[in-house]
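# Report on the structure
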Amino acid sequence: MEFIEVEARSVDEAISEALAKLQAERDEVEVTVLEEGTKGFFGILGGKMARVRVEKKKPLHEAKLERAIEFTTELLRHMDVSARVVGEADEEAVNIRIEGDDLGILIGRKGQTLQSMQYLISLAVNRQDGEWMRINLDIGDYRVRREESLRALAHRAARRVQDSGRRVALGAMTAAERRIVHQAVNEYDGVTTQSEGQEPYRRVVILPE
């Protein structure tokens, strides 16, 4: 994080000088007052200069990435799980990945534990500053493998509907998984999709157009 320490006759003057040097606006920085400063006797003798430390704030996605990695690492420590947490972020989402051996306990049946952990991490990261950003969690490339499996399932079901002209209902899925199926079926002519049921049993139905 870029920062600067500045002395001036008052805190306000020191902040203004720091902002000019950093070429930043007030809402783009964090200010720490190191010395309030005093005027001294008759405003002349024994006075102290004010001193501030002014730091440029990190972009929102970088700050949230740091928080997500820190929280996830602490969460694993409390769960007594030895694993490595890595991540990357852009302006749209923070992507966290847990790497290690024997991580099935963190994934759970049909990824339910993974989904719960993702929700918990998202809550912890986003409630701090009130600015929401999507948090994506993957464990041992589970989501990559799951997406490949769902796309293959969607392709088989779409071809069945094309051949038979009859609807095919798939099993219950999360909203993210249903989106993958909808997108995969869009590649086929003459078939369409719709979601039916209530959470957590909502499912995709593939049917002739």
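The present account deals with the structure reproduced in this document. All of these numbers come straight from a predicted model, not from anything done at the bench.

### Notes on the sheet that holds strand S1 (residues 3-8)
- The strand order across the open sheet built from three strands is S1-S3-S2, with neighbouring strands paired in antiparallel fashion. Because the sheet does not close on itself, it has two edges, and the strands there are S1 and strand S2 (29-35). Ignoring strand direction, the axes of neighbouring strands in this sheet form an average angle of 20 degrees.
- In the sheet, S1 pairs with strand S3 (residues 50-56) via six bridges, with the strands oriented antiparallel.

### Observations concerning the nonpolar core
- Counting 21 residues, the largest nonpolar core has Ile 98, Leu 106, Met 117, Leu 137 and Ile 139 as its most contacted members.
- Elements with a contribution of two residues or more to this core: helix H2 (60-78), strand S5 (93-99), helix H3 (104-107), helix H4 (112-126) and strand S6 (134-139).
- If you look at the next biggest cluster of nonpolar residues, it comprises 16 residues, including Ala 158, Val 168, Ala 184 and Tyr 188.

### Section: the layout of surface pockets
- Put simply, the largest pocket is a space of about 470 Å³.
- Taken together, the elements giving at least two residues each to the lining of the largest pocket come down to H4, S6, helix H5 (142-164) and helix H6 (175-185).
- By residue class, the composition of the lining of the largest pocket is six nonpolar, six polar and seven charged.
- When its volume is computed, the second largest pocket comes out at roughly 320 Å³.
- Taken together, 15 residues form the lining of the second largest pocket, with Gln 112, Ala 172, Met 173, Thr 174 and Pro 200 sitting closest to its centre.
- Broken down by secondary-structure element, the contributors of at least two residues to the lining of the second largest pocket are H4, strand S7 (168-172) and H6.
- When grouped by side-chain class, the residues that make up the lining of the second largest pocket number five nonpolar, five polar and five charged.

### Concerning H2
- The end-to-end C-alpha separation of H2 is 27 Å, in line with the 27 Å expected for 19 residues at 1.5 Å each.
- Among all positions of H2, only His 61, Ala 63, Lys 64, Leu 65, Arg 67, Ala 68, Thr 72, Leu 75 and Leu 76 are buried.
- Buried residues belonging to H2 abut strand S4 (84-89), S5, H3 and H4.
- Looking at the residues trailing H2, positive phi occurs at Asp 80, about 60 degrees.

### Section: unusual backbone geometry
- The phi dihedral of Asp 80 falls on the positive side, at around 60 degrees, and the residue is not glycine.
- Tracing the sequence through the fold places Asp 80 in the loop between H2 and S4.
- For Asp 80, a relative accessible area of 71% puts it in the exposed group.

### Side note on the environment of Glu 36
- With respect to the helices and strands, the residue Glu 36 is situated in the loop between S2 and S3.
- Here Glu 36 falls in the exposed class, since its relative accessible area comes to 58%.
- Taking the C-alpha atoms as reference points, Glu 36 and Ser 10, separated by 26 residues in sequence, lie 7.3 Å from one another.
- Every residue in contact with Glu 36, bar those within four places of it in the chain, is listed here: Val 11 and Ala 50.

### Describing the pattern of salt bridges
- The final tally for this structure, using the stated rule, is 13 salt bridges.
- Between Glu 5 and Arg 51 there is a salt bridge, and its shortest N-O distance comes to 3.1 Å. Remark: Arg 51 occurs in strand S3 and Glu 5 occurs in strand S1; sequence separation between them is 46 residues.
- For Glu 5, a relative accessible area of 41% gives the class partly exposed.

Reading the values: rules and limits
Residues numbered from 1 in each chain as written. Predicted model: local features only at pLDDT ≥ 70, side-chain atom pairs only at ≥ 80, totals over all residues. Heavy atoms only, no water. Pairing = 2+ DSSP bridges. Helix = DSSP H or I, 4+ residues; strand = E, 2+ residues; numbered from the N terminus. Axes fitted to C-alpha atoms, helices over the stretch in contact; angles between N-to-C directions. Core = buried A, V, L, I, M, F, W, Y, C linked by side-chain atoms within 4.5 Å. Buried < 20%, exposed > 50% of the residue type's maximum accessible area, 1.4 Å probe, protein only. 1 Å grid on protein atoms, 1.4 Å probe; cavity = no way out; pocket = protein on both sides within 12 Å on 5 of 7 lines; lining within 4 Å. Points joined across faces, edges and corners; volume = space filled by probe spheres on them. Nonpolar A, V, L, I, M, F, W, Y, C, P; charged D, E, K, R; others polar. Expected span 1.5 Å × (residues − 1). Contact = heavy atoms within 4.5 Å. Salt bridge = Lys/Arg side-chain N within 4 Å of Asp/Glu carboxyl O.

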